[in-house]
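Observations on the three-dimensional arrangement
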Amino acid sequence: MLRELDVANRSVRDRMVGPNSPFSENFTTRAGRLAYVVNSGGHHNVWRGDLRHPNTRPEKWISTTRDQFCPQYSPDGKHLAFASNRGGPPEIWLSNADGQGIMQLTNLRGLATGSPTWSPDSRKIAFDSRTKTPDGQIRSDVFIVDIDERAARKLDTGTPGAFNPSWSHDGKWIYFVGGSDDAMGGRIYRVPPEGGKPEVLTTARGYWPQESPDGQTLYFTANSGTSFTLHKASLQPTGTESPVNDMPALSFVANWEIVPGGVYFFLMEDLLALNYFDFSTRKVRSIFKVSGGGSFLGGSVSPDGRYILYPELDDYQSDIMLVENFR
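Residues numbered from 1 in each chain as written. Predicted model: local features only at pLDDT ≥ 70, side-chain atom pairs only at ≥ 80, totals over all residues. Heavy atoms only, no water.

A look at the overall build of the protein chain
What counts is decided by this rule: Each helix is a run of H or I in the DSSP string that is no shorter than four residues. Each strand is a run of E no shorter than two, and both are numbered from the N terminus. Type-normalised accessible area, obtained with a 1.4 Å probe on protein chains alone, sets the label of each residue: buried when under 20%, exposed when over 50%, and partly exposed for intermediate values. In this analysis, two residues are considered to be in contact whenever any of their non-hydrogen atoms come within 4.5 Å of each other. Accessibility throughout is a Shrake-Rupley quantity obtained with a 1.4 Å probe, and a residue counts as covered only by protein chains that appear here.
The helix and strand tally for the protein chain stands at zero helices and 29 strands. Buried residues in the protein chain amount to 48% of all 327 residues. Relative to all contacts within the protein chain whose residues are 6 or more apart in sequence, the contacts with residues 24 or more apart total 39%. Summed over all atoms, the accessible surface of the protein chain reaches about 16,300 Å², with 49% contributed by carbon and sulfur.

Take a look at the structure:
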């Protein structure tokens, strides 16, 4: 939607809406003409790339005519969890590691269910789901589902608007974002998997908390309003946080994955480029480029470090539109 602001009286009016253009951008006006881009079509499939042989063409791993997001390897490497709207509203789904044997795990039928994260024993998955309250507000909560029982239970976080959960490597904590769900995210908290009184871990607001493999550091994404940057917070002891120095800006809040020694991420300056940042050398190494319309929302490295899963926007299309005599 294109809107016009009157600088004199500060009134706003709608000028035009592009059909089928939820991601319209790049408006340009010259000599009474308006040029803009309309994006249409496309859906997200899960792809698998080979990190040890980056020149090998990535494979389409899980696909439908709908969307798949946030793929996650189980710690034992036997299963994949992901969010998808392949059955209607977005829910959590499970498959074998080879992408076969797909089954639906949740049936909350909320507005949006996603962000799956595995327990260390590969038996449970924490995730978030958003619902509309009787007064018309949108509320997010964290849930846990056992992959055998398939019955989701709400986690008592003691915090309004809890989302983006992740499990600690020792299984004692579930990290999450809480208190706000706007463009800047919220503060990072943790509670035991049984629920209880939350412990606040950051003063900064952010998204997508991930614990380091050694359990000493919590990483999260901060949104400055113009870019997404990786930050870290100390866990032993808590109370110290800072940006990850020399780390380039991320393409999105969720497009990164911590591994021993560094982080795989998609670059803000090139949405198709998967890179690796080494924590010890502070250097960035290019891995490969994806082929579709870019990677969006989530990624996961296999437990043996061999493969990476990521959602890729396939069948992506766009058109340049021109409006004559625009005033």
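Quick look at the sheet that holds strand S24 (residues 262-267)
Applied cut-off: Whether two strands pair comes down to DSSP finding at least two bridges between them. As a rule, the C-alpha atoms of each element are fitted with a line to give its axis, helices using only the stretch in contact, and angles between N-to-C directions run from 0 to 180 degrees.
With antiparallel pairing, four strands are arranged side by side in an open sheet as S23-S24-S25-S26. Edge positions in the sheet fall to strand S23 (256-259) and strand S26 (284-289), since each of these pairs with one other strand and no more. Ignoring strand direction, the axes of neighbouring strands in this sheet form an average angle of 25°. Alignment of S24 against strand S25 (residues 270-278), held across six bridges, turns out to be antiparallel.

A word on empty space enclosed by the protein
So the rule is basically this: Cavities and pockets are defined on a 1 Å grid built over the protein atoms alone: a cavity is a set of grid points where a 1.4 Å probe fits but cannot escape, while a pocket is an open set with protein on both sides within 12 Å along at least five of seven lines, and lining residues are those with an atom within 4 Å of any such point. Grid points are joined across faces, edges and corners, and a volume is the space filled by probe spheres set on the points. Think of it as three bins: nonpolar holds Ala, Val, Leu, Ile, Met, Phe, Trp, Tyr, Cys and Pro, charged holds Asp, Glu, Lys and Arg, and polar takes everything else, Gly as well.
All chains considered together, the criterion is met by two cavities of 30 Å³ or more. Its boundaries defined by the atoms lining it, the largest cavity holds a volume of some 50 Å³. If you go around the largest cavity, the residues you meet are Asn255, Trp256, Glu257, Tyr264, Phe265, Phe266, Leu274, Gly298, Gly299, Ser300 and Ile308. If you tally residues by element for the lining of the largest cavity, the top one is S24, at three residues. Split by residue class, the lining of the largest cavity holds six nonpolar, four polar and one charged.

Re the pattern of salt bridges
Rules: One speaks of a salt bridge when a side-chain nitrogen belonging to Lys or Arg is within 4 Å of a carboxyl oxygen belonging to Asp or Glu.
In this structure the tally under the stated criterion is ten salt bridges. Linking Arg139 and Asp141 is a salt bridge whose minimum nitrogen-to-oxygen distance equals 2.9 Å. Through salt bridges that share partners, Arg139, Asp141 and Lys154 make up one connected network.

Side note on the sheet that holds strand S14 (residues 152-154)
Each strand in a sheet pairs with another by means of backbone hydrogen bonds, the pair being arranged parallel or else antiparallel. An order of S11-S12-S13-S14 is seen for the four strands of this open sheet, with the pairing classed as antiparallel. Looking at strand neighbours, the two that pair on one side only are strand S11 (112-118) and S14, the edges of this open sheet. Put simply, the sheet's adjacent strands are angled 30° from each other on average, direction ignored. Inspection of the sheet shows strand S12 (residues 124-132) paired to strand S13 (residues 138-146) by nine bridges, in the antiparallel sense.

Quick word on the pairing of strand S8 (residues 79-84)
Where burial is concerned, most of S8 is hidden: five out of the six residues are buried. Where strand S7 (residues 68-73) meets S8, four bridges bridge the pair, whose relative direction is antiparallel. Of the residues in S8, the one forming a bridge with Gln68 is Ser84. Between S7 and S8, which pair antiparallel and follow one another directly, the connecting turn spans five residues, one of which, Gly77, has a positive phi of 75°. Linkage of S8 to strand S9 (residues 91-96), two consecutive antiparallel strands, is achieved through a turn of six residues, within which Gly88 is found at a positive phi near 130°.

A short note on the side chain of Ser300
Selection rule: We define a polar contact as two N or O atoms separated by no more than 3.5 Å, with the added condition that, inside protein, one atom must be a possible hydrogen donor and the other a possible acceptor, whereas residues neighbouring each other in sequence contribute only through side-chain atom pairs.
Looking at the element boundaries, Ser300 is found in strand S27 (residues 300-301). We classify Ser300 as buried; its relative accessible area is 2%. Of the polar contacts made by the side chain of Ser300, one reaches the backbone nitrogen of Tyr73; its length is 3.0 Å. In contact with Ser300, other than residues within four places in its own chain, are Pro71, Gln72, Tyr73, Glu257, Tyr307, Ile308 and Leu309.

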